[in-house]
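Single-letter residue listing:
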Amino acid sequence: MLTSSRGLVLRTLKYKDDENIVDVYTEDEGMVSFLVRVSASRRAAVKSRLFRPMALLHVEWDKKPNARLARIKAARPDYIETSVPYDPYKTSIALFLAEFLHLALRENPPDRPLFAYLRASVVWLDLCQRSFANFHLVFLLRMTRFLGIYPNLSERGAGRYFDLETGQFTTQAPLHSHFLMPADAARLPLLMRMNYDTMHLFRFGREERQRLLTALNDYYRLHLPAFPDLKSLDVLHEIFS
């Protein structure tokens, strides 16, 4: 059965000399793994260069029950990026988010509001012309709503710790090591109030931003099954240092 959907490219792996496996989070079918033939021909029906991490595409494929890999029939841009592929800072963010989403959405069913959020985020990052150093922090925190692990901020207050395991504020330091000290914990409600258009108004130091990003990675690792440390985390730390 021929199926079509908008999708977001998350990962491309070499399968054979002339074929790649491409994982795409689609609007209508959730995560789909495609077999894509690699061809440099300008006449190729499917151009492999389209499948960059975080590229927005419209794809058509032959859907077969119980098939692990789908054979893609056609692909075209759903949105043409003008800056992300050419800006090293934006490219690093895109690679980080693609790795994060590939791991976080492995078992996620189709979710149209989530896909709308992902698409709007990619377009915003591509079009923005001012400070976007906090983009990934805002993105990761807002993703907790879609994944059902939104932290409980109701007990926030001066001098309180934030327990990453329970997802809530505490008056005393937890007995384990997964928590934020009061200075960083106080930043969480601030980050939750940010959006992409206002985040440039908030200034974080390099070390502060790194601690918050590491804490968010730990939070996801604690709350999502088999969620590993992100390989691209160190690259993002380095490029925004």
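Criteria and thresholds
- Residues numbered from 1 in each chain as written.
- Predicted model: local features only at pLDDT ≥ 70, side-chain atom pairs only at ≥ 80, totals over all residues.
- Heavy atoms only, no water.
- Core = buried A, V, L, I, M, F, W, Y, C linked by side-chain atoms within 4.5 Å.
- Buried < 20%, exposed > 50% of the residue type's maximum accessible area, 1.4 Å probe, protein only.
- Helix = DSSP H or I, 4+ residues; strand = E, 2+ residues; numbered from the N terminus.
- Contact = heavy atoms within 4.5 Å.
- Axes fitted to C-alpha atoms, helices over the stretch in contact; angles between N-to-C directions.
- Parallel < 35°, antiparallel > 145°, perpendicular 65-115°, else oblique.
- Left-handed = near helix turned anticlockwise from the far one by under 90°.
- Nonpolar A, V, L, I, M, F, W, Y, C, P; charged D, E, K, R; others polar.
- Pairing = 2+ DSSP bridges.
- Phe/Tyr/Trp six-rings, centres within 6.5 Å; stacked < 30°, edge-to-face > 60°.

**Q** What exactly am I supposed to notice about the nonpolar core here?
**A** Most often, soluble globular proteins have nonpolar side chains that are buried together. Phe100, Leu101, Leu118, Phe135, Phe139 and Met143 are the most contacted members of the largest nonpolar core, which totals 61 residues. Within the residue set of this core, elements represented by two or more residues are β1 (2-16), α1 (88-104), α2 (112-127), α3 (135-146), α5 (187-193), α6 (206-223) and α7 (233-239). With 9 residues, the top contributor of residues to this core is α1. Leave out the neighbours within four places in its chain, and Phe139 touches Leu97, Phe100, Leu101, Tyr117, Leu118, Ser121 and Tyr196. With 16 residues, the next largest nonpolar core counts Val9, Val32, Val36 and Ala70 among its residues.

**Q** Can you help me understand the packing of α3 against α6 in this one?
**A** Relative orientation of the contacting elements α3 and α6 amounts to 25 degrees, with a least axis distance of 10 Å. As the angle between them shows, α3 and α6 are arranged roughly parallel. As α3 packs across α6, the resulting crossing turns out to be left-handed. Residues His136, Leu137, Leu140, Leu141, Met143 and Thr144 of α3 form the contact with α6, whose own contacting residues are Arg209, Leu212, Leu213, Leu216, Tyr219 and Tyr220. Tallied by class, residues from the contact of α3 with α6 come to 9 nonpolar, 2 polar and 1 charged.

**Q** Just checking my understanding: could you explain the sheet that holds β1 for this structure?
**A** Either a parallel or an antiparallel arrangement is found when strands of a sheet pair, and the pairing is made through backbone hydrogen bonds. Within the closed barrel, the 5 strands sit side by side as β1-β2-β3-β5-β4. Their pairing is mixed. Pairwise comparison of adjacent strand axes, ignoring direction, gives a mean angle of 55 degrees for this sheet. Here strand β2 (residues 19-26) runs beside strand β3 (residues 30-37); their pairing, made up of 8 bridges, is antiparallel. From the neighbouring strand, Thr26 faces β3, where its bridge partner is Gly30. Along the sheet, α1 makes contact with β1, β2 and β3, crossing β1 at roughly 105 degrees. In the packing of α2 onto the sheet, the strands contacted are β1, β2 and β4 (56-62), and the crossing angle to β1 comes to about 65 degrees.

**Q** Got a minute to help me understand the sheet that holds strand β7 (residues 168-170) in this structure?
**A** One open sheet holds the 3 strands; their spatial order is β7-β6-β8, and the pairing between them is antiparallel. Bordering the open sheet on either side are β7 and β8 (179-180), each of which pairs with just one other strand. Note: strand β6 (residues 161-163) against β8, 2 bridges, orientation antiparallel. Considered in β8, the bridge of Phe162 is made with Leu180.

**Q** What's the story with the side chain of Glu208 in this structure? I'm lost.
**A** You can see Glu208 is positioned in helix α6. Among all residues touching Glu208, those that are not within four sequence positions of it are Asp184 and Arg187.

**Q** How do you make sense of the packing of aromatic side chains when you look at a structure like this?
**A** Here the distance between the centres and the angle between the planes together describe a pair of aromatic rings. Counted according to the given criterion, the structure contains 13 aromatic pairs. An angle of 20 degrees between the planes, with centres 5.4 Å apart, marks the rings of Tyr117 and Phe139 as stacked. Of this pair, Tyr117 sits in helix α2 while Phe139 sits in helix α3, and the two are 22 residues apart along the sequence. Classification of Phe139 as buried rests on a relative accessible area of 1%. Taking 5.2 Å as the distance between ring centres and 70 degrees as the angle between the ring planes, the aromatic pair formed by Phe162 and Phe169 counts as edge-to-face.

**Q** Would you explain the environment of Arg156 in this entry?
**A** Assignment of secondary structure puts Arg156 in the loop between α3 and β6. A C-alpha to C-alpha distance of 9.1 Å links Arg156 and Leu188, two positions 32 residues apart in sequence. For Arg156, the residues in contact, after removing those within four places along its chain, are Phe169 and Pro189.

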